[in-house]
Protein chains: 2
Amino acid sequence: MIVKEEEMANLLESNGAVEKEINGVFEADEDTYDGVKVQINELMDSNHFVTMLRASISQWRKQGKRGVWIKLPIEHANLVNAAVKQGFWYHHAEPTYLMLVYWIPEIPHIIPANASHRIGIGALVMNDNGEVLVVQERNGAFKGTEVWKMPTGVVDEGEDICDAAVREVQEETGIKAEFLELLAFRQSHKSFFGKSDLFFVCMLKPLSYKIQKQDSEIKGAQWMHMEEYAAQPFVKKHEMFNKIAEICLAKKKNKYNGFSKELMTSAFSAKKSYLYFNQ
Amino acid sequence: MIVKEEEMANLLESNGAVEKEINGVFEADEDTYDGVKVQINELMDSNHFVTMLRASISQWRKQGKRGVWIKLPIEHANLVNAAVKQGFWYHHAEPTYLMLVYWIPEIPHIIPANASHRIGIGALVMNDNGEVLVVQERNGAFKGTEVWKMPTGVVDEGEDICDAAVREVQEETGIKAEFLELLAFRQSHKSFFGKSDLFFVCMLKPLSYKIQKQDSEIKGAQWMHMEEYAAQPFVKKHEMFNKIAEICLAKKKNKYNGFSKELMTSAFSAKKSYLYFNQ
């Protein structure tokens, strides 16, 4: 793997490239991998697009360029087919745009892979009485099981795991809480659209007690003794749930340590990131 | 968040839906969220596609369907623009296809988010002499720093974190190793294409000693005393690197415990997943 995780920070994040035409060639931003990036911002006829694209690739080839990226806003979907016919393929898409890519050299491409995981959280909110905050969901996989489960959810794009746990708890139950520790996580594959997911069990300290549940998603919410939670037949029956309940019980008795978080500066930028480790 | 992480396993993973025409309407697979999925497998004229799509949506609306998914192989890029004009938007794309989505009801959509993270690993391979396996990279962010760093890489789609660490070590240095423990991880945002990443520091036990480095990516590889690794100016200077080196030094002295892995069965399928926790 040549394109390293640490060095992606600078890749393709500039937003300066536009489809300005200079002598019939697209103006492009350069990346740190001898690649070029074009962003289409204005409506274009697909024949004109192809003419310019061919001339541009010819020039980039002479310049020794390798990867060619075209960021195509959904408003310019009329150009997708033309780009594909010129040998571009899909790299990724988001609701508002499609990213196409092309590789000029004869050697195999080293185009970095697309995002591969979604991140989920489960929140163990335990109060001073040894009770945990549990919910029953109206829909989804748990519907009809009658099982009381910890609040769960998906980490939003750009959101920290610790913040997602706090947010989901408040959204589902109205309880304010603060992140204490990460107790465990599991990785699973082919979870949605062939992608994988990581699910983090977070321990939170409640800052309020009175539950105000979100009615549209949550059928019920209550405080429940940890032992009662762990003793539910559904939890006992399923290996993964049972193990997580065991960890939570051990945590209640102060016989378990997970990972804490600490905000640190990245080596390659001024960005701050949380490092999770055993303190 | 209504569509839960656990229940995505069954969503859209069937491959039975085809564009079979029944009375001018697409034959579609149903999902567990009152959604339908169409996969285009054969070449189609875009006018005919639009006619069928309109008739199909009309029928699905009467049936109370909500999300409509069209999986469009890149060979059928000629239909992208037509679908967008009918109100579809991009959900995600992979090199071989584009997934388009449409929402029928008048209420706000609950279409699940696309994958948001890439997963990276760093491998601390420590031998019985307290030496760690380090490399210098030819390219990328570390180029020119002369820093000796642990082998790093990106987790392939569908790959377990523990396996990725073992694979990257072997690819870069020829050293066979086995996963022992997860020491720490950090989450950072806007790392590539606006997506986030999680970077896991894994402790590995070497099963061989003789280094055979991969020349194209790796400039140098050697065994180095952990103290010497930690004392490098680059490591000392950068907060995150320094903290990770401290954790590794503590691990060498058996004064640190990370998360171990255990293979477990999921509650909702026969799938096996690793749970990482403090054993």
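As the structure is a prediction and not an experimental result, all values here were calculated from the model.

**Describing the pairing of strand 8 (residues 117-125) of chain B**
Residues and elements named next belong to chain B. Burial within strand 8 is extensive, with nine of its nine residues counted as buried. Neither face of strand 8 is exposed, since His117, Ile119, Ile121, Ala123 and Val125 on one face and Arg118, Gly120, Gly122 and Leu124 on the opposite face are all buried. Pairing geometry for strand 8 and strand 12 (residues 195-206), over nine bridges, is parallel. In the sheet register, Gly122 faces strand 12, and the bridge partner there is Val201.

**Description of the relation of the copies chain B and chain A**
Between the two copies, chain B and chain A, the superposition gives an RMSD of 0.0 Å; the rotation angle is 180° and the shift along the axis is 0.0 Å. On this basis, the relationship between the two copies can be described by a two-fold rotation axis. A high fraction, 100%, of the interface residues of chain B reappear at the interface in chain A, so the copies pair face to face through one surface.

**Details of the sheet that holds strand 7 (residues 97-103) of chain A**
Residue and element names in this part refer to chain A. The strand order 3-4-5-7-6 describes an open sheet built from five strands, whose pairing is mixed. Only two strands of the sheet have a single partner each, and these edge strands are strand 3 (29-30) and strand 6 (89-94). Relative to strand 4 (residues 36-39), strand 3 runs antiparallel, the two being bridged by two bridges. By the bridge assignment, Glu30 is partnered in strand 4 with Val36. Across the sheet, helix 1 (residues 46-62) touches strand 4, strand 5 (67-73) and strand 7, and the angle it forms with strand 5 is around 155°.

**Re the interface of chain B and chain A**
With 101 residues of chain B in contact, the opposing surface of chain A contributes 101 residues. Carbon and sulfur atoms make up 60% of the area that chain B and chain A hide from each other, which totals about 9100 Å². Across the contact surface, chain B and chain A share four salt bridges. Between Glu157(A) and Lys195(B) there is a salt bridge whose closest N-O contact spans 3.2 Å.

**Comments concerning the UniProt feature "domain: Nudix hydrolase" (unreviewed entry) in chain A**
This chain's UniProt record puts "domain: Nudix hydrolase" (unreviewed entry) on residues 116-248 of chain A. Helix makes up 25% of residues 116-248 of chain A and strand 41%. Its end C-alpha atoms lie 29 Å apart.

**Looking at unusual backbone geometry**
Positioned with a positive phi, Glu146(A) is a non-glycine residue whose angle comes to about 60°. Given a relative accessible area of 47%, Glu146(A) falls into the partly exposed group. The backbone of Lys190(B) sits at a positive phi, close to 50°, despite the residue not being glycine. Along the chain, Lys190(B) turns up in strand 11 (residues 177-192).

About the criteria used
- Residues numbered from 1 in each chain as written.
- Chains lettered and ligands numbered in written order.
- Predicted model: local features only at pLDDT ≥ 70, side-chain atom pairs only at ≥ 80, totals over all residues.
- Heavy atoms only, no water.
- Buried < 20%, exposed > 50% of the residue type's maximum accessible area, 1.4 Å probe, protein only.
- Helix = DSSP H or I, 4+ residues; strand = E, 2+ residues; numbered from the N terminus.
- Pairing = 2+ DSSP bridges.
- Least-squares fit on C-alpha atoms with pLDDT ≥ 70 in both.
- Contact = heavy atoms within 4.5 Å.
- Axes fitted to C-alpha atoms, helices over the stretch in contact; angles between N-to-C directions.
- Buried area = accessible area lost by both parts, 1.4 Å probe.
- Salt bridge = Lys/Arg side-chain N within 4 Å of Asp/Glu carboxyl O.
- UniProt positions renumbered as here; feature names shortened; annotations may be inferred.

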